[in-house]
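Each chain is listed here by its residues.
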Amino acid sequence: MSKRTVDLRGQKPLLDIQSYGRRAPGHGRTFTPAERAQIGRTVARVPEVMIKVTGGGRSVGAVWRHLRYIDRRGALELETDDGERLQAKGAEKALLEDWGLALQEREGKAIYSGLPGRKPAKLVHNLMLSMPKGTPPGKLLAAVRHFAQETFALQHRYAMVLHTDQDHPHVHLVLKAVSEQGTRLNIRKGTLRQWRRAFAEALRVQGVAANATERAVRGMSRTHQKDPIYRAMGRGESTHFEERVKSVASELRSGRINPGDGKLTLLRTRRDIERGWNTVSELLKRDGDLDLARRVRQFVNEMPPAYVDREWIAEDIIRRIRIATAEKSRTM
């Protein structure tokens, strides 16, 4: 069966603030109700949805192990695209057989046989959809169910599991990479933008305040650590992060932090974002929405500093030193 590829790289940003800053003076612009609502949610700092691609199995064995991990070896319920609830011994194996992954794996190996270094394509995409602490788990699961049905039903097979054993509830979703029509899904930035928007809408239908915007639009510059590093940091085992902290501490002692080449790009992006938000404020003011215009200006004024990761690490070190010094002073 021939396989077509879905590529959604052309999707527009969720809230294209930078485009407003590039408009010519006097250029008229009336916001749609949807745009106005998203602006309001963003400046109110409504919780942002998260959809993360956590990996994807290239073999049946890898997919089986991931399913066993997310359903806690059968202790949790697997919910499938056709509405089945699976919670029995061997449910994961039965699901893999139903999806026909063994045949797909053999075809993938045949394609790349004799080509050293070439790995077979993913059989599945592993996704995690989450919201901050305090989100009702049942409503989160209902929103993910609706999102998955609207996005993948009758195309890509999938199974999902709700986890509530951490501070924030989240749903693991295993998505078959090749659709029933033979279309291979490649997940791009545009794909994730579209999915985040749909997921946020599904949560709002459930009565959960949710938003979907880019980090830069919100003035967020601190990058998420890659999962293995983040988990190792939590256990105090990350040599990579430890080396970075030591390097920054050494620079602090010398009196100057070298932010690196990324600082100029970050500052240019922040400048464009602020210009865009200021234009939004002026347009809202022109439309008579003085309250939202004021809240936009306040939002810009309260944005966190445009720091690269090394500068954030330096801030953390300085904060810890101040706390330790204050505690020492109290005990003297």
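Higher on the page you've got the structure.
None of the values given here were measured: they were computed from a predicted structure.

Trainee: What is the right way to read the pattern of salt bridges from this model?
Mentor: Note on pairing: side chains with opposite charge can pair once their charged atoms come close. Tallied over the full model, the rule gives 20 salt bridges. Measuring nitrogen to oxygen at the nearest pair gives 2.5 Å for the salt bridge that ties Arg-145 to Glu-79. One end of the pair, Arg-145, is in helix 6 (residues 137-152); the other, Glu-79, is in strand 3 (residues 78-80), and 66 residues separate them in sequence. Connected through salt bridges with shared partners, the residues Glu-77, Glu-79, Arg-85 and Arg-145 form a single ionic network.

Trainee: So what exactly am I meant to see when it comes to the nonpolar core here?
Mentor: The biggest cluster of nonpolar side chains holds 26 residues, and the ones touching the most others in it are Leu-173, Phe-199 and Leu-203. Contributing elements (two or more residues each) for this core: strand 5 (124-130), helix 6, strand 6 (158-163), strand 7 (170-176) and helix 7 (189-205). Looking at which element gives the most residues to this core, the answer is helix 6, with seven residues. Those residues in contact with Phe-199, other than ones at most four positions away along the chain, are Val-49, Met-50, Ile-51, Leu-129, Ser-130, Leu-140, Ala-143, Val-144 and Phe-147. Leu-15, Val-43, Val-280 and Val-300 belong to the second largest nonpolar core, which has 18 residues in total.

Trainee: Sorry if this is basic, but what is going on with unusual backbone geometry here?
Mentor: Peptide bonds are trans in most cases, and residues, glycine excluded, mostly fall at negative phi. In this structure, Arg-72 takes a positive phi of about 50° despite not being glycine. You can see Arg-72 is positioned in the loop between helix 3 (60-70) and strand 3. Unusually for a residue other than glycine, Arg-73 sits at a positive phi of about 55°. On the basis of relative accessible area, Arg-73 is assigned to the exposed category, the value being 62%.

Scoring rules and cut-offs
Residues numbered from 1 in each chain as written. Predicted model: local features only at pLDDT ≥ 70, side-chain atom pairs only at ≥ 80, totals over all residues. Heavy atoms only, no water. Salt bridge = Lys/Arg side-chain N within 4 Å of Asp/Glu carboxyl O. Helix = DSSP H or I, 4+ residues; strand = E, 2+ residues; numbered from the N terminus. Core = buried A, V, L, I, M, F, W, Y, C linked by side-chain atoms within 4.5 Å. Buried < 20%, exposed > 50% of the residue type's maximum accessible area, 1.4 Å probe, protein only. Contact = heavy atoms within 4.5 Å.

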